[in-house]
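# Descriptive structure summary
In case you want the letters, here they are:
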Amino acid sequence: MMKFNNIKALLLSLVLFPCASTLAEEISPGDFDELCRCIDPSNGVRQIPVLIRDFKQSHPDFEGGIFGYDKGIVEKDIGADGRPVYAGKTYTTHGKETFDQWYKSIPGLNLPINKTLEMEEVEPGLYRFTDFDFFPIDGEGFGNEGFTHNYHFTLETHLKFFYVEGGQFTFNGDDDLWIYINGKLAIDIGGVHGRETKTVQLDTLAEELGIEPNNTYSFDLFFAERHSTESAFQFETTFELQCL
């Protein structure tokens with residue numbers, strides 16, 4: 001069963017060196033390789049640390065009357081600070097200033113919360129996390145603000161993987177989802193929309209991403225849930241994702 005655990009639970013089940021107490025501080029994702037070391041358990045489950053930031057529904061880019069698939073919100077290359085780079089105003093965003101708040105901890109504007117996702121090995125070499133009722137911070141942060149769930153948050157994780165020929169990754173969910181491999185944008189499902197599915201076949205994109213088999217590369221995932229009334233998050237991969 002897929003489930004969430006907080007970092008405290010993760011510390012009980014894994015060997016983690018200093019990570020939990022510092023993830024939610026104002027740091028750049030590029031610092032994660034110094035902060036987070038984890039050893040996967042041997043029961044077919046991989047623990048993936050994620051950093052969630054809760055926002056109020058009054059934020060210009062959240063809730064409101066904004067709907068639709070919105071490709072091109074971010075640039076093709078990840079920023080020098082390890083975050084997405086805003087490409088220009090789009091019809092579901094309101095400019096660089098507000099977008100740059102999504103993945104930075106800003107007191108009073110958002111609240112950082114550490115969680116973990118559990119990926120199960122559903123068949124040899126295939127790992128999956130599924131939650132089609134994805135509300136990991138209900139009652140936390142700024143609270144549900146009168147809604148049934150807490151619908152306004154972003155999520156990020158920074159991992160690495162060893163590229164083996166035939167590797168693939170599939171995401172199914174809503175709203176925004178960007179995945180960077182080797183610092184290059186591999187999946188762009190931006191916007192406020194229903195569930196979308198996208199699969200990446202590494203061998204097909206290898207040249208574009210600048211990767212070659214039998215090497216280790218970065219894997220950076222950025223997600224946003226920006227609107228009621230539903231939230232879904234499913235990803236599966238043949239990558240053996242590891243903490244940095």
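Overview of the structure. (Residues numbered from 1 in each chain as written. Predicted model: local features only at pLDDT ≥ 70, side-chain atom pairs only at ≥ 80, totals over all residues. Heavy atoms only, no water.)

## A word on the nonpolar core
Core analysis: the largest hydrophobic core is formed by 36 residues, its most contacted members being Ile181, Phe219 and Phe233. If we ignore the near neighbours within four places in the chain, the residues touching Ile181 are Phe161, Ala186, Leu202, Leu209, Ile211, Ser218, Phe219 and Phe239. Counting 14 residues, the second largest nonpolar core, distinct from the first, contains Phe62, Trp102, Tyr103 and Phe222. (Core = buried A, V, L, I, M, F, W, Y, C linked by side-chain atoms within 4.5 Å. Buried < 20%, exposed > 50% of the residue type's maximum accessible area, 1.4 Å probe, protein only. Contact = heavy atoms within 4.5 Å.)

## Considering the side chain of Glu63
Relative to the helices and strands, Glu63 is located in the loop between strand 4 (45-55) and strand 5 (68-69). Buried and unpaired, Glu63 has no salt bridge, with Arg226 as the nearest side chain of opposite charge at 10.0 Å. Within the structure, the side chain of Glu63 is placed 3.0 Å from the side chain of Ser228, a separation counted as a polar contact. (Helix = DSSP H or I, 4+ residues; strand = E, 2+ residues; numbered from the N terminus. Lys, Arg positive; Asp, Glu negative; His and termini not counted. Salt bridge = Lys/Arg side-chain N within 4 Å of Asp/Glu carboxyl O. Polar contact = N/O pair within 3.5 Å; in protein donor to acceptor, adjacent residues only side chain to side chain.)

## Let's talk about the pairing of strand 7 (residues 126-131)
For strand 6 (residues 110-123) and strand 7, the ladder comprises 3 bridges, and the chain directions are antiparallel. From the neighbouring strand, Glu123 faces strand 7, where its bridge partner is Leu126. As defined by bridge partners, strand 7 adjoins strand 15 (residues 232-237) across 5 bridges and the pair is classed as antiparallel. Opposite Thr130, over in strand 15, you have Gln234 as the bridge partner. (Pairing = 2+ DSSP bridges.)

## Describing empty space enclosed by the protein
Applying the stated rule across the entire model yields 2 cavities of 30 Å³ or more. Looking at the second largest cavity, its volume works out to about 40 Å³. What lines the second largest cavity is Ile48, Val50, Leu117, Leu155, Thr157, Phe219, Leu221, Phe233 and Phe235. Contributions of two or more residues to the lining of the second largest cavity are made by strand 4, strand 8 (153-162), strand 14 (216-225) and strand 15. Of the residues that constitute the lining of the second largest cavity, the class distribution is 8 nonpolar, 1 polar and no charged. (1 Å grid on protein atoms, 1.4 Å probe; cavity = no way out; pocket = protein on both sides within 12 Å on 5 of 7 lines; lining within 4 Å. Points joined across faces, edges and corners; volume = space filled by probe spheres on them. Nonpolar A, V, L, I, M, F, W, Y, C, P; charged D, E, K, R; others polar.)

## Some points on the layout of surface pockets
Estimates place the volume of the largest pocket at around 210 Å³. Lining the largest pocket are Tyr69, Lys71, Lys76, Leu185, Ala186, Ile187, Asp188, Lys198, Thr199, Val200, Leu205 and Glu208. Top element by residues in the lining of the largest pocket is strand 11 (residues 184-189). It accounts for 4 residues. Grouping the constituent residues of the lining of the largest pocket by class yields 6 nonpolar, 1 polar and 5 charged.

## Focus: the packing of aromatic side chains
What characterises a pair of aromatic rings is the spacing of the ring centres plus the angle enclosed by the ring planes. A full pass over the atoms with the stated rule returns 28 aromatic pairs. Ring centres of Phe169 and Phe235 lie 5.8 Å apart, and the angle between their planes is 20°; on these two criteria the pair is classed as stacked. Pair noted here: Phe169 is in strand 9 (residues 168-174) and Phe235 is in strand 15, with a separation of 66 residues, a long-range link. One exposure class covers both Phe169 and Phe235, and it is buried. Each ring, one from Phe219 and one from Phe239, has its centre 6.2 Å from the other, and the planes form 85°; the classification is edge-to-face. A residue pair is termed long-range when its members are at least 10 positions apart, and Phe219 in strand 14 and Phe239 in the loop between strand 15 and strand 16 (242-243) qualify at 20 residues. Side by side, Phe219 and Phe239 carry an identical accessibility label, which is buried. Members of the aromatic cluster, each reached through a chain of ring pairs, are Phe129, Phe134, Phe153, Phe161, Phe169, Phe171, Phe219, Phe223, Phe233, Phe235 and Phe239. Over the aromatic face of Tyr127 sits the side chain of Arg46, whose NZ or CZ is 4.6 Å from the ring centroid. (Phe/Tyr/Trp six-rings, centres within 6.5 Å; stacked < 30°, edge-to-face > 60°. Lys NZ or Arg CZ within 6 Å of the ring centre and 35° of its normal.)

All we've got here are geometric facts, nothing functional implied.
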